[in-house]
Amino acid sequence: MPTATPVRRALALLLALLLILSLAACSSEEESVETVNPVDPVDPDQLGGDEPEAPPEPPAPPEPPKGPLNPFTGLYEAAEYELARPVAVMINNLKTATPPRGLSFYDGAFEVLAEGEVNRIIALFYDYAEIPELGSVRSARDYYFRLARPMDPIIAHYGGSDAAYIYIKQNGLDTMNGMEGDVHNALYWRDEERIRTAGYEHSVFTSGEKLVSGVDKLGRRTDLKETALEPFFAFAGEEAPVSGDLAAEQISVRYSSYITAVFDYDSERGLYLRSQYGAPHMDEAVDEQITVDNLFVLRVPHRAVGDEAGHIEVQTTGSGEGYYFSRGTGQAIQWSKQSDSEFYEFTDAAGNPLTVNPGRMWFCIVKPSSEVTHTAAGDGAADA
């Protein structure tokens, strides 16, 4: 066999080297392909079609904590308020002494003739600490005390009739009479502007801050009697508010030739706007018209006492007729009151206990002959 020449051996070695390098390159490419991360498989449901579901809504924030239930309005007070005795304040309502201050903070109000043609308001306030100013404060009559007494209030007034002073003494009422020097200094002041515009007797004011400190300084009891802790009305639930069969988008209550109170329903707010003396009844302390959630008109016997001052007696016990208005409608009712220490009981036309919407209560106490009209928007008088 012929021996390979050096040239042939060199060519063979070169070819072998090229083959080895070629195989190594192929192996490296295969390894590179194998080490690349594979593409995740595509879900066919995600190709076109509906959008993916939205993330769930965040949970609703918790409701703010509620305070105690107000027994007169059926509404919850602020969480920081501790249920205590309300104050009942005698508010002036003479035309020259208006507008009042702070009256819009009321929980309940009883509007009654004082003497002759003029009426006054005894207003009930439970959480009264934040009232900026309140008044003007006037003298009391015994029947205002009789109306407020079931709620166990501390009564703020500035003077009173002989009958009022006798009633205070006979029944041990807890009052704060500004005619007493220490009470005046603790609670009241006279507004110089009102002295100029309305007269000295119509210038007395107080405030929530003074009422709080005055009650403490004068040592008045603040805890409520058990009889004043329970609700004074059968309240309806918010899901099923009470409605009546009478049109009542405007209500007019004539007290005398001097004053007629008018209540116009605001359907957006679900309450009545009060007017008197032909103009909106404003609260000067907050520059807002006074509003009413629930309006009671009670027909009650009145009798002239026959004294020079023209004082009257107003019957506060017994029974009689009236109306209940709320949320733009009304109904005829019957009222009864067994004693001064007991609150009214109300029934509907069928004799069933009256159910009342939660909210603030305004009472118009009028003579049996007083003209009361309730109308739908744009209509004439529907009833009297």
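Residues numbered from 1 in each chain as written. Predicted model: local features only at pLDDT ≥ 70, side-chain atom pairs only at ≥ 80, totals over all residues. Heavy atoms only, no water.

## Some details on the nonpolar core
Link 1 in the chain: Counting 90 residues, the largest nonpolar core has Phe-72, Phe-296, Phe-346, Trp-362 and Phe-363 as its most contacted members.
Link 2 in the chain: Counting residues per element, this core draws most heavily on strand 25 (residues 361-366), which supplies 6 residues. (Core = buried A, V, L, I, M, F, W, Y, C linked by side-chain atoms within 4.5 Å. Buried < 20%, exposed > 50% of the residue type's maximum accessible area, 1.4 Å probe, protein only. Helix = DSSP H or I, 4+ residues; strand = E, 2+ residues; numbered from the N terminus.)

## Let's talk about unusual backbone geometry
Link 1 in the chain: Cis peptide bonds are those with omega within 30 degrees of zero, and the linkage from Thr-98 to Pro-99 qualifies with 5°.
Link 2 in the chain: Of note, the bond from Gly-135 into Ser-136 is cis; its omega dihedral lies within 30 degrees of zero at 5°.
Link 3 in the chain: Within the element layout of this structure, Ser-136 appears in the loop between strand 4 (134-135) and helix 2 (142-148).
Link 4 in the chain: Phi is positive for Arg-327, which is not a glycine, with a value near 55°.
Link 5 in the chain: One can find Arg-327 in the loop between strand 21 (318-326) and strand 22 (329-337).

## Section: the sheet that holds strand 7 (residues 189-190)
Link 1 in the chain: Spatially, the 3 strands line up as an open sheet ordered 4-8-7, and their pairing is antiparallel. Strand pairing shows two members of the sheet lacking a second neighbour, strand 4 and strand 7, which therefore form its edges.
Link 2 in the chain: Pairing of strand 4 with strand 8 (residues 204-206) involves 2 bridges; the strand directions are antiparallel. Bridge pairing links Gly-135 to Phe-205 in strand 8. (Pairing = 2+ DSSP bridges.)

## Details of the pattern of salt bridges
Link 1 in the chain: Scanning the model with the defined rule gives 16 salt bridges in all.
Link 2 in the chain: Across the salt bridge formed by Asp-142 and Arg-146, the nearest N and O atoms sit 3.2 Å from each other. With Asp-142 and Arg-146 both in helix 2, this residue pair falls 4 residues apart, about one helical turn.
Link 3 in the chain: On the basis of relative accessibility, which here comes to 13%, the residue Asp-142 falls in the buried class.
Link 4 in the chain: Residue Arg-146 is classed as partly exposed on the basis of its relative accessible area, which comes to 22%.
Link 5 in the chain: In this structure, the salt-bridge partner of Arg-220 is Asp-174, at a minimum N-O distance of 3.1 Å. Of this pair, Arg-220 sits in the loop between helix 6 (208-217) and strand 9 (234-235) while Asp-174 sits in the loop between helix 3 (162-171) and strand 6 (175-177), placing them 46 residues apart in sequence. (Salt bridge = Lys/Arg side-chain N within 4 Å of Asp/Glu carboxyl O.)

## Comments concerning the packing of aromatic side chains
Link 1 in the chain: The tally for this structure, following the rule as stated, stands at 25 aromatic pairs.
Link 2 in the chain: Ring geometry for Phe-233 versus Phe-346: centroids 6.5 Å apart, planes at 0°, classification stacked. Highlighted residues: Phe-233 in the loop between helix 6 and strand 9 and Phe-346 in strand 23 (residues 345-347), separated in sequence by 113 residues.
Link 3 in the chain: Exposure remark for Phe-233: the relative accessible area of 7% places this residue in the buried category. (Phe/Tyr/Trp six-rings, centres within 6.5 Å; stacked < 30°, edge-to-face > 60°.)

## Description of the environment of Gly-328
Link 1 in the chain: Relative to the elements of secondary structure, Gly-328 occurs in the loop between strand 21 and strand 22.
Link 2 in the chain: A sequence separation of 58 residues divides Gly-328 from Gly-270, and the C-alpha atoms of the two residues are 7.6 Å apart.
Link 3 in the chain: Those residues in contact with Gly-328 that lie beyond four places of it in its chain are Leu-246, Ala-247, Ala-248, Glu-249, Tyr-265 and Tyr-272. (Contact = heavy atoms within 4.5 Å.)

## Brief notes about the confidence of the model for the protein chain
Link 1 in the chain: Per-residue confidence for the protein chain gives a mean pLDDT of 88; residues scoring 70 or more make up 84%.
Link 2 in the chain: Note on residues 1-7: pLDDT is under 50 here. Beyond four places in sequence and across chains, it has 1 contact.
Link 3 in the chain: Counting interchain partners and residues more than four positions distant, the pLDDT-below-50 stretch residues 17-21 has 0 contacts. (pLDDT = per-residue confidence, 0-100.)

## Some words on helix 6
Link 1 in the chain: Of all the positions in helix 6, only Gly-208, Leu-211, Gly-214 and Val-215 are classed as buried. When helix 6 is viewed along its axis, its buried side chains cluster within an angular range of 125° and face the same direction. What points out from helix 6, more than 90 degrees from its buried face, is the exposed set Glu-209, Asp-216 and Lys-217.
Link 2 in the chain: Contacts made by the buried residues of helix 6 are with strand 1 (87-91), strand 4, strand 5 (154-157), strand 6, helix 4 (181-187) and strand 8.
Link 3 in the chain: Gly-219 sits one or two positions beyond helix 6 and adopts a positive phi of about 70°. (Arc of directions from axis to C-beta.)

## Focus on the environment of Phe-232
Link 1 in the chain: Note on placement: Phe-232 falls in the loop between helix 6 and strand 9.
Link 2 in the chain: Owing to a relative accessible area of 13%, Phe-232 belongs among the buried residues under this scheme.
Link 3 in the chain: Note: C-alpha distance between Phe-232 and Phe-343 (111 residues apart in sequence) is 7.2 Å.
Link 4 in the chain: Apart from residues lying up to four places away in sequence, Phe-232 is in contact with Pro-71, Phe-72, Tyr-126, Pro-150, Met-151, Thr-227 and Phe-343.

## Points about the environment of Val-286
Link 1 in the chain: Mapped onto the elements, Val-286 comes out in the loop between strand 15 (282-283) and strand 16 (288-289).
Link 2 in the chain: Between the C-alpha atom of Val-286 and that of Phe-105, which follows or precedes it by 181 residues, the distance is 9.8 Å.
Link 3 in the chain: Excluding residues within four positions of it along the chain, Val-286 makes contact with Ser-104 and Phe-105.

## Digging into helix 3
Link 1 in the chain: Taken together, the buried positions of helix 3 are Ala-164, Tyr-167 and Ile-168. All buried residues of helix 3 lie within an arc of 100° about the axis, which places them on one face of the element. Exposed residues lying more than 90 degrees from the buried face of helix 3 are Asp-162, Lys-169 and Gln-170.
Link 2 in the chain: Here the buried face of helix 3 lies against helix 2, strand 5 and strand 6.
Link 3 in the chain: Where helix 3 ends, the next residue or the one after it, Gly-172, has phi of about 60°, a positive value.

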